[in-house]
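Now for the letters of each chain:
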Amino acid sequence: MGPGARRERAAPAARDSWWVLLCLSLLLRTSGFQAANASKPNILLIMADDLGIGDLGCYGNNTLRTPNIDRLAEEGVRFTQHLAAAPLCTPSRSSFLTGRHSFRSGKWHQGVNCESRTDHCHHPLNHGFDYFYGMPFTLVNDCDPGRPPEVDASTRARLWFYTQVAALGVLTVALGKICGLISVPWKAVLGAASLVFLFFVSWYASFGFVRRWNCILMRNHDVTEQPMVLERTARLMLQEAVSYIERNKHGPFLLFVSLLHVHIPLVTTKQFLGKSQHGLYGDNVEEMDWLVGEILQAIEENGLKNTTFAYFTSDHGGHLEARDERGQLGGWNGVFRGGKGMGGWEGGIRVPGIFRWPGVLPAGRVIHEPTSLMDVFPTVVELGGGHVPQDRVIDGRSLVPLLQGTAEHSAHEFLFHYCGKYLHAARWHEKDSGRLWKVHYMTPRFHPKGAGACHGQGVCPCSGDGVTQHSPPLLFDLSRDPSETRPLSPGSEPRYHAVLARVHEALEQHRRTLSPVPPQFSLGNIVWKPWLQPCCGTFPLCACTQDGDPNEA
């Protein structure tokens, strides 16, 4: 069904099996929305990838140029304590799309198909959206031919080592046979060589072609570019977003733009290369701001500024471990400790939260209440005149009262911070006193010690030997110590035991709302299945180039 076919239908409830785009795609949907005292607005949701809250001028950065996002904040409402529900791309985006913690859902890992290459069971078009353009899998270094591999790089290195050792063994036996040093039938030598070759093919068919299998663009159900050409992908997505706005300017629509920026490999066009004060990462941030500006300009040029509810955020904090020989490739999380992959520390979960709706939301307002990416789903539902699902737990709360000023405080008294399925921390917003308590039950072990990140690893682990269990838990007062550098004790905080007891009580109540779901990262879920691989052409000869390159237009 085309994007204009369901323009007056209220947004449907998110489903537990909602297909979630990992990090990088464009989801678009036309719907009807209704605000309390205004006509139904258009909804524009823009999400950056791996952007640190400290990378934006409106959040205190005075060395990176982000004038378009800063203007959005000046003309709207800015949240200073906006929180991702998870510190990694996929679970954070799942929570954003469904309004609930990702571990409550039955499916959020990457994937498009279930049983065959064409069933598209996890595709956005099967889960409420009318149109899709973008990347159905995650952006990785492998998508850039000039970058070192990222997907299971250590596993790939071990498999290559095993292959070399086995091949060397077979070659040694063959030479010994030729030289008459050993007596082995040639059939045995050839059989061993065949086994080594089959072993090599079995793993290289997946790991050796990550760019071709993983780095693709789709329009609706069709693969349009395989492998994708990163240098032009951002402009193609921008062109698609602007075109969608122009096609649907006469009716309320919902447009979700999930940017590739600023996730590694940080592919940046020549227009922005070398222009920032912070190397390739800074260049990519400034290009991201330009892309946001182009989308907002399209809204204005089509006369939609005053009828559009616009929102900008990031899926989680900056990636501290991302670096190469040239330096840091990840973002800056301001004064906050930690980063991407760290479920409890503020730097991993505190993200920008900017809302604009001229004439309805007060311009220049700053809100310091704790809110969550999970709140966007019920907010959009309320703006659409709908109701959130009643057959499941919805962790998010509508932000409409807070945005319009009819509520003084956030609807969240407690928020729980997970890394995967493991609870790392919880916060208590004590509204009467204004105190903001944060309790850490486990924290990642930084490497090297005191580094503030897990260098040498992609991200910090969520469990096992890579974390420290705290008993008693660590307690911080974020209202006085937002950097989480001074843990409290019974001697420094008279209410120490009372606070821990109250948070524990809330945690027990929260745990009673949980129910088991299938494991997301079981071997059956994560192993590559060739028969499910999206492909343009005849598998395995999948290759196509999208027509209409904007640079050639």
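Residues numbered from 1 in each chain as written. Predicted model: local features only at pLDDT ≥ 70, side-chain atom pairs only at ≥ 80, totals over all residues. Heavy atoms only, no water.

A. Broad picture of the overall build of the chain. Assigned secondary structure in the chain consists of 12 helices and 19 strands. The proportion of buried residues among the 553 residues of the chain is 55%. Across the chain, contacts joining residues at least 24 apart in sequence account for 72% of those joining residues at least 6 apart. Looking at the chain as shown, the accessible area adds up to about 23200 Å², and 56% of this sits on carbon and sulfur atoms. (Helix = DSSP H or I, 4+ residues; strand = E, 2+ residues; numbered from the N terminus. Buried < 20%, exposed > 50% of the residue type's maximum accessible area, 1.4 Å probe, protein only. Contact = heavy atoms within 4.5 Å. Areas by Shrake-Rupley, 256 points an atom, 1.4 Å probe, with all protein chains shown as cover.)

B. Highlighting helix α9 (residues 376–383). The element α9 is largely enclosed, with a buried count of seven among its eight residues. All buried positions along α9 are accounted for by Val376, Phe377, Pro378, Thr379, Val380, Val381 and Leu383. Summarising the contacts, the buried residues of α9 are in contact with β2 (42–48), α2 (89–98), β7 (253–258), β8 (308–314), β13 (371–372) and α10 (400–404). Immediately beyond the C-terminal end of α9, within one or two residues, lies Gly385, with a positive phi of roughly 75°.

C. Representation of a nonpolar patch on the surface within the structure. Where nonpolar side chains cluster on the molecular surface, the patch consists of Leu168, Leu171, Leu175, Ile178, Trp186 and Leu190 and spans about 650 Å² of accessible area. Secondary-structure elements contributing two or more residues to the nonpolar patch are α3 (153–178) and α4 (186–207). Structurally, the position occupied by Leu171 is in helix α3. (Patch = residues over 30% accessible without salt bridge, like charges linked within 9 Å, V, L, I, M, F, W, Y side chains within 5 Å. Salt bridge = Lys/Arg side-chain N within 4 Å of Asp/Glu carboxyl O.)

D. Summary view of the UniProt feature "transmembrane region" (unreviewed entry) in the chain. UniProt marks residues 159–176 and 188–210 with the feature "transmembrane region" (unreviewed entry), using the numbering shown here. Here residues 159–176 is 100% helix and 0% strand, with 26 Å between the C-alpha atoms at its ends. (UniProt positions renumbered as here; feature names shortened; annotations may be inferred.)

E. Focus on the nonpolar core. Residues Leu44, Leu51, Met288 and Phe312 are the most contacted members of the largest nonpolar core, which totals 43 residues. Those elements giving two or more residues to this core turn out to be β2, α1 (67–74), α6 (230–247), β7, α7 (279–301) and β8. When residues in this core are grouped by element, the largest group, 10 residues, is from α7. Beyond its immediate chain neighbours, meaning those up to four positions away, Phe312 contacts Ile46, Ala48, Leu51, Leu56, Ile69, Leu72, Met288, Val292, Pro352, Gly353 and Ile354. Counting residues in each nonpolar core, the second largest holds 29 residues, with Leu45, Phe256, Leu361 and Leu402 among its members. (Core = buried A, V, L, I, M, F, W, Y, C linked by side-chain atoms within 4.5 Å.)

F. How the structure looks around the packing of α6 against α7. At a minimum axis distance of 9 Å, the contact between α6 and α7 shows a crossing angle of 15°. Relative to α7, α6 is oriented roughly parallel. Considering the relative orientation of α6 and α7, their crossing is right-handed. Taking contact as the criterion, the partners of Ala234, Arg235, Leu238, Val242 and Ile245 in α6 are, on α7, Trp290, Leu291, Glu294, Ile295, Ala298 and Ile299. Residue composition of the contact of α6 with α7, by class: nine nonpolar, no polar and two charged. (Axes fitted to C-alpha atoms, helices over the stretch in contact; angles between N-to-C directions. Parallel < 35°, antiparallel > 145°, perpendicular 65-115°, else oblique. Left-handed = near helix turned anticlockwise from the far one by under 90°. Nonpolar A, V, L, I, M, F, W, Y, C, P; charged D, E, K, R; others polar.)

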